[in-house]
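Spelled out from the first residue to the last, the chains are:
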Amino acid sequence: MNKVLIINASVRDEKSYSRKLTQIFVENWKNRNPQDKFTHREVGLIQIPTIDKKWIASAFIKPQDRTKQNQSGVKFSNELVTELMENNTYVIGTPMYNWSIPSGLKSYIDQIMRINETWKFRSGEPDGDYVGLFNNKKLFILSSRGDTGYGENENNAHMNFSNHLFEIYF
Ligand SMILES: Cc1cc2nc3c(=O)[nH]c(=O)nc-3n(C[C@H](O)[C@H](O)[C@H](O)COP(=O)(O)O)c2cc1C
């Protein structure tokens, strides 16, 4: 059985193309795999908190060394990370905004990038070698945009920071 986490990032609701795309994708999936479990995580219509100094003060301390106050700094981040771990397939529906991803999706990514929990330096110290700690997961990105020329070797390829970010993070 697959556990599918659906993440939508458009700040539009009914009029959103990326949400329609995601909906069609998920409906097809459900028809073929009715036993699978689906969970929704909203990052566009609901404000995902940006990380702040309290978050940083907590996230860079080893979990076992966190005080109660430290723990509160990463409470929501912990919920998001647990949700990611509990699922094995991710579907992200997102528009391109200003050649990049929407800020809600970036805030979500900042929340889940947890050193030694979701990624690490290979040697354990800053060494220029970054290792993701999630294995055997599948990701589908369904993206909409208004303009053209962002494909490989096209005139706006260098402006396509969404693709670049997806390559880095995922
Ligand atoms: C604030 C904003 C910035 C946008 N920036 C770009 C852009 O840089 N390149 C592009 O091709 N389309 C851009 N668009 C168009 C959207 O990517 C396109 O309309 C997309 O379908 C919006 O997603 P949605 O329909 O899921 O809301 C932008 C739209 C908005 C509202």
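These numbers come from a predicted model, not from an experiment.

1. What to know about the nonpolar core
Part 1 of the reasoning: Of all hydrophobic cores here, the largest spans 17 residues; its most connected members are Ile 7, Val 43, Leu 105 and Tyr 108.
Part 2 of the reasoning: Mapped by element, the contributors of at least two residues to this core are β1 (3-8), α4 (75-86), β3 (89-95), α5 (103-112) and α6 (161-169).
Part 3 of the reasoning: Per-element tally for this core: the top contributor is α5, with four residues.
Part 4 of the reasoning: Those residues in contact with Tyr 108 that lie beyond four places of it in its chain are Leu 5, Ile 7, Arg 41, Val 43, Ile 48, Leu 80 and Leu 84.
Part 5 of the reasoning: Judged by nonpolar contacts, the second largest core, of six residues, contains Val 4, Ile 6, Trp 29 and Leu 142.

2. Some remarks on the packing of aromatic side chains
Part 1 of the reasoning: Under the defined criterion, the tally for this structure stands at seven aromatic pairs.
Part 2 of the reasoning: Judged by centre distance (5.1 Å) and plane angle (50 degrees), the rings of Phe 25 and Phe 140 are tilted. Of this pair, Phe 25 sits in helix α1 (residues 17-32) while Phe 140 is found in strand β6 (residues 138-144), placing the two residues 115 residues apart along the sequence.
Part 3 of the reasoning: Residue classification places Phe 140 among the partly exposed residues on the basis of a relative accessible area of 26%.
Part 4 of the reasoning: Ring geometry for Trp 29 and Phe 140: centres 5.7 Å apart, planes at 85 degrees, overall edge-to-face. With a gap of 111 residues between them, Trp 29 in helix α1 and Phe 140 in strand β6 connect regions that are remote in the sequence.
Part 5 of the reasoning: For Trp 29, a relative accessible area of 14% translates into the label buried.
Part 6 of the reasoning: When the ring centre of Tyr 17 is taken as origin, the NZ or CZ atom of Lys 20, which lies over that ring, is 5.4 Å away.
Part 7 of the reasoning: Positioned above the aromatic ring of Phe 38 is the side chain of Lys 30, whose terminal nitrogen or guanidinium carbon lies 5.1 Å from the ring centre.

3. Quick look at the site of the ligand
Part 1 of the reasoning: Within the structure, the ligand sits among 15 residues, and Ser 10, Arg 12, Ser 16, Ser 18 and Met 96 are positioned closest to it.
Part 2 of the reasoning: Interatomic distance of 2.6 Å between a side-chain N/O atom of Ser 16 and an oxygen atom of the ligand.
Part 3 of the reasoning: Between an oxygen atom of the ligand and a side-chain N or O atom of Ser 18, the distance comes to 2.5 Å.
Part 4 of the reasoning: About the coverage of the ligand: the protein hides 72% of its 630 Å² of free accessible area.
Part 5 of the reasoning: Partitioned by chemical class, the residues of the shell around the ligand number six nonpolar, six polar and three charged.

4. What about α5?
Part 1 of the reasoning: Buried residues dominate α5, accounting for seven of its ten residues.
Part 2 of the reasoning: By the burial criterion, the buried members of α5 are Gly 104, Leu 105, Ser 107, Tyr 108, Ile 109, Gln 111 and Ile 112.
Part 3 of the reasoning: On its buried face, α5 is in contact with β1, β2 (37-42), α2 (53-59), α4, β3 and α6.

How each quantity is defined
- Residues numbered from 1 in each chain as written.
- Predicted model: local features only at pLDDT ≥ 70, side-chain atom pairs only at ≥ 80, totals over all residues.
- Heavy atoms only, no water.
- Core = buried A, V, L, I, M, F, W, Y, C linked by side-chain atoms within 4.5 Å.
- Buried < 20%, exposed > 50% of the residue type's maximum accessible area, 1.4 Å probe, protein only.
- Helix = DSSP H or I, 4+ residues; strand = E, 2+ residues; numbered from the N terminus.
- Contact = heavy atoms within 4.5 Å.
- Phe/Tyr/Trp six-rings, centres within 6.5 Å; stacked < 30°, edge-to-face > 60°.
- Lys NZ or Arg CZ within 6 Å of the ring centre and 35° of its normal.
- Near = heavy atom within 4 Å.
- Polar contact = N/O pair within 3.5 Å; in protein donor to acceptor, adjacent residues only side chain to side chain.
- Areas by Shrake-Rupley, 256 points an atom, 1.4 Å probe, with all protein chains shown as cover.
- Nonpolar A, V, L, I, M, F, W, Y, C, P; charged D, E, K, R; others polar.

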